[in-house]
Structures are given as C-alpha cells and as structure tokens.
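Coordinates in review
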Amino acid sequence: MKAGMKIFLPCLVIGLVLTLFSYKNFLPVHDDGTDQQKTLQYIKQSDKTESRQIKFQPAQRTYSTLGAFESKGDMFCIKTKEITDSVVGDFKPKEDFNCIQTIEQYRTFDGTFFIPPDHILSTLPTKVLDCLYQRITTTIQFFCAKRSRHGSIKNGWNICTDGCYKPNSKTVINVLSTVNDNENVQSINMIYKMKVQRHKPRNKTGTDEIYLSKKENIFNDGQPTKLDAWSYAVNEESNGQGILIIDVGNLTERIVDHVIKSGMLNEIQQLSIRISYGDPMSGIKYFSVLKQLRKLFEAGFRIYWSRQEWSGILRRNKNRTSCVYLDMADFGHLRIPEDKDLSKLNAKERYALYLRYLTSTQILCKEVIRLGHITDGGWNVCHDKPYRPSYPCLVYSFGINWDFSFDDAVVKTYGCDVQSFDPSMNQPDFRRGDQIWFHNLGISNTTSRKGNWNVSSLKDILKNLNHTSRRIDLLKIDVEKSEWESFPDMIQTGSLRNTRQLLVEFHGRATSFQQLRTLRAIYNEGFRIFWYHRNPVKGNLVQGKFVQHTSCYEVYFVRV
C-alpha cells in the first residue's frame, strides 16, 4: 500500500504574528535539517551529478493581502494570496475614484473578483459594496468570441454562439419580460428557427404571488399561470440546453430568487438578465444584488458581456447605474448532484457517473508538465502562473514505493522542499538529499496504528511538522483506497484550505453513495479538475460493453 495525504491550512488572521515552535514527541522537525529527538538516516540522491537547482521566484515584488473568504459554521476564514506590482499598479491616485485599489483583496488566485458570504457582506462599508458592484458587473469572466444580436439597441438580446453554446433545433428560449421584445423573436426565428416562449409577469392584486401571462404577440396576452407552475414545466421539458432571459424591472429580485431556488439553473446553458436592484432616486440595493450574483456564480454561470443601462443612472452619482444588462454562460462542466438526486441512482448508474466525472475537465490549464517518470511514479502539474509552485514552496507526497522520481523532479524543477510519506516501505525516517524528508507514516482519518503501520490525519501531520500555516503548493496522494477514508476528515477539519494543487489517484471498481459525496465535497472545497489519466497497468483494467475502463484514475485539481 502507498500511504497518501492531503493538506490543511487553517485560517490566517491578517496582522497576527504566529510563533512557530517544534513538537516534541511525533515526527522530527526539518526546518533547519536537524532532528531534535533522534538521528535521521541520510541517503544521498541517486543522481550523483551536481545540477543547479532552479528556484522560481517572482520577478516582481509581492504584497500580502486578503484572499478568498470562506465560512465554516461560525468561523470566518481568510486565505492569504499574493498580488504583484502589475496588479497594484505603478500609479498613485489621490483617491480611489474608479475602484482600482479598494477591492484588490477580493480577488481569487487567478485574479477573478469574488463576493464574500452574507454575514461578511452585510458588514462591509458602502464604499466597498459599491466597488464590488461596479467592478464585478463590468468585468468579463468568460470569453465568448461570437455573439448574435437580436432586436433593438434598447431591449435586444445577446446569444453566445461559440462551439457547444450555439443554439440548435432543440434549444428553447424562455423569456420573462415586461418590455416590447416582439422584434427579438422575429430575428431569432429568421436565423435559428428555435422555440421561444415569452411570458409577462405581474403581481396578483392583494397578494405576493407572481402570475405569468403568455405573450402571443405584442398586443395579446394569454391566460395567466403561477410562477411555480411555469418553472416546474420548464424543468420537466428542458433538455439542459435552454436559454433564460429575465427583463422584469422591479420584480427582478423576487423572480431571480425563485429561479435560483427552483433548480431551473441546472437546465439552463445561457442566462441574460437585466439586473434592476434599486432606482435612480433611492440608489442601489447593493446587498441584494451582490448576494444573488454570488449564487449565480456558484451555480456555474460567468459573465461574457455586460451593458450599463442609461435609464438607471443615479441622480446623485452620474457614474453609477442601478440597472445593468448581464449576459452569462454556464461553464458546463459536470458536477456531482445533491443527495436527493444521488439517492435515486442504482449501483450501475453511480459507477457511470463516477467514471464520467473523473474523466471530465472543469478548468483550463494551458501549461501542463510531467514531473517524474512518464509511467507510474510521475505526476502532472499545472504550470500556469496563478497555480504553479512559487518559491519558497512546499510539497507533500503520499505513496512512494521506492519511486522518488516525482519528488526528485519537484526539487530540480521548482526548488521545493518535499515531505514524502509511505509506511509500506518499512523504512525508518531518513533524509534524501538536502530538500526531501521521508517519513515512515501513512495517511488516514485518525492518528493511530493500522496493522503494522503508523498512520495519521493530515491535520495532525501539519501540526506536528509546523506546517499548519504554510501553503502547500502540491499535495500528491496515491494510497491504494485509503484516500476514501482520509478525504472526509481532511475536508471536515479544513486541512485542505491552503493546498494549491491536488494530485490524487482514485481507486475502485464500484462506487458508493459516500464516494460520490466525497468527490462533491472536494469540488465544494474549490478544487477543479484540469487533467486526468487512466492508469493502463494490466491488472487495473476493467472491461465494459465495447469500452475498457481502469480501476485507477489519476485526477489533477487546482484550487480556484
């Protein structure tokens, strides 16, 4: 068995000075290469040639700032990140007039703005809320090169036609609008001949209920139906390629809230919405719009175009508008459904979902490099600037089986310190070169004895190696099924929060309900698949109907 592990970085409080101290009774501390408890066996590198180690250091000065917000119960966590001079800017404005600097701390590692959770959002100053609203609604998050335009300048529709987003005969456009969009429909019919279903919403007099009237044409409304009944029908009839357009004025907040809660977004591929949260006289309802935008982002939608509406320009601030038209597209990557849907799957369907998920990609990594052997022992790493190891870097490698090719390559390529773990080698702790430390220890959900092996939770390993507050650039895990018992504990204890890249070999010829939940939890922790590899070793092959699978899948994640 190969022993495997993951890493947890607890929340950092900015401005807090942490005092690091060595533990006395677990594993040796290696920060200075010494052992305070026992003498380590020292084994030199097998490569006797002295090659200069390359250390990746940022070309520009970096600044520590706030990173992504995360919430776990009543605990509020802040992940640190680095921003470069080029992000901060080489200019020094007298005041942050256009929100260039105010919200730089609200960026993810790849530079994308994020919206903090409600309990944090509600405490932010109006200036910060205003800047978040302004910058997020005018930032392009998703590249759509080809867009078709239909209807008037004022009320027309944009549709992304890139690749799989291009509408076809099965695409249905559902429209909720209070404006004249008859010309838009004529344009759609002329080019695509798609089915367009338009409804006009209104409040039922004396109630909070919203009713929809079918818009046969600009002059004639059909019989009204409840909003709940309409969304149910859309979900039942959808094929997952739908387009939803919302242009409903002061009903925007209520209708968007219903759309989110109804599950409609799972059936929608493109979403266009004229967000109208406030008015020129009273101003912008920042909390409401940011909260709902965050939910749309969490559902997988990203802005590919935006248009600030002149009609919503504030009376007191001509540089802001309460009305912005956003065109959004779903990333479209496969996700593990919620428990109520998972519970409906039989064993065969669970395994099929497992195979599909592990052989899908969820994010683009442009530069993928192989560290170590091409065959077993080597692993891929995303070398894109936001994700690659940056000096000083730290790597955890679980599951060695006397193949240090990956660990050695990490040192030679990035100059990282590497902590290697494997109890199956029955080898006492030792030093392999100046930057690799081997531990006779396995990964598990507890710190205990497992047969003849010592195992530990990732939380305890990080604590005892004084790495609780360190960023883990690469966490490699190949532990022969022990990953399934280890991951839930890592996620529950927050041990993965400082891991930048996660490299895992998943094992199994069948898939349980709990394993699918574990994969979903990894996704919810912020990890996205950028690469995968089917292990072709003969003993791992599984023959299906006209297709061959494997019981071992190497899956590569970056944290977003």
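Residues numbered from 1 in each chain as written. Predicted model: local features only at pLDDT ≥ 70, side-chain atom pairs only at ≥ 80, totals over all residues. Heavy atoms only, no water.

- As annotated in an unreviewed UniProt entry, the protein carries the name Methyltransferase domain-containing protein and comes from Mytilus galloprovincialis.

A few points about unusual backbone geometry
- The omega torsion of the bond from Tyr-391 to Pro-392 falls at -5°, within 30 degrees of zero and hence cis.
- Mapped onto the fold, Pro-392 is located in the loop between strand S17 (379–382) and strand S18 (394–398).
- The phi angle at Asn-401 is positive, at roughly 50°, despite the residue not being glycine.
- Along the polypeptide, Asn-401 turns up in the loop between S18 and helix H10 (405–414).
- Exposure remark for Asn-401: the relative accessible area of 48% places this residue in the partly exposed category.
- Non-glycine residue Asn-466 carries a positive phi angle of around 60°.
- Tracing the sequence through the fold places Asn-466 in the loop between helix H11 (458–464) and strand S25 (472–477). (Helix = DSSP H or I, 4+ residues; strand = E, 2+ residues; numbered from the N terminus. Buried < 20%, exposed > 50% of the residue type's maximum accessible area, 1.4 Å probe, protein only.)

Observations concerning the state of the cysteines
- Here the structure, examined in full by the defined rule, presents four disulfides.
- One disulfide in the model links Cys-144 with Cys-160; its S-S distance is 2.2 Å. Its S-S torsion of approximately 110° makes the covalent link between Cys-144 and Cys-160 right-handed. Here Cys-144 is found in the loop between helix H3 (126–136) and strand S4 (147–150), whereas its partner Cys-160 is found in strand S5 (residues 157–160), with 16 residues between them in sequence.
- Accessibility expressed as a relative area gives 2% for Cys-144, which makes it buried.
- Bridging Cys-365 to Cys-382, the disulfide has an S-S length of 2.2 Å. (Disulfide = S-S within 2.5 Å.)

Structural notes on the pairing of strand S10 (residues 242–247)
- Counting buried positions along S10 yields six of six residues, so the element is predominantly enclosed.
- Side chains of S10 alternate between two faces, with Gly-242, Leu-244 and Ile-246 and Ile-243, Ile-245 and Asp-247 buried alike.
- Sheet analysis places S10 next to strand S11 (residues 268–276), joined by five bridges and oriented parallel. Bridge assignment links Ile-246 to a residue of S11, and that residue is Ile-273.
- Once you follow S10 into helix H6 (residues 252–262) and on to S11, the crossover reads as right-handed. (Pairing = 2+ DSSP bridges. Right-handed = clockwise from strand over helix to strand, strands pointing away.)

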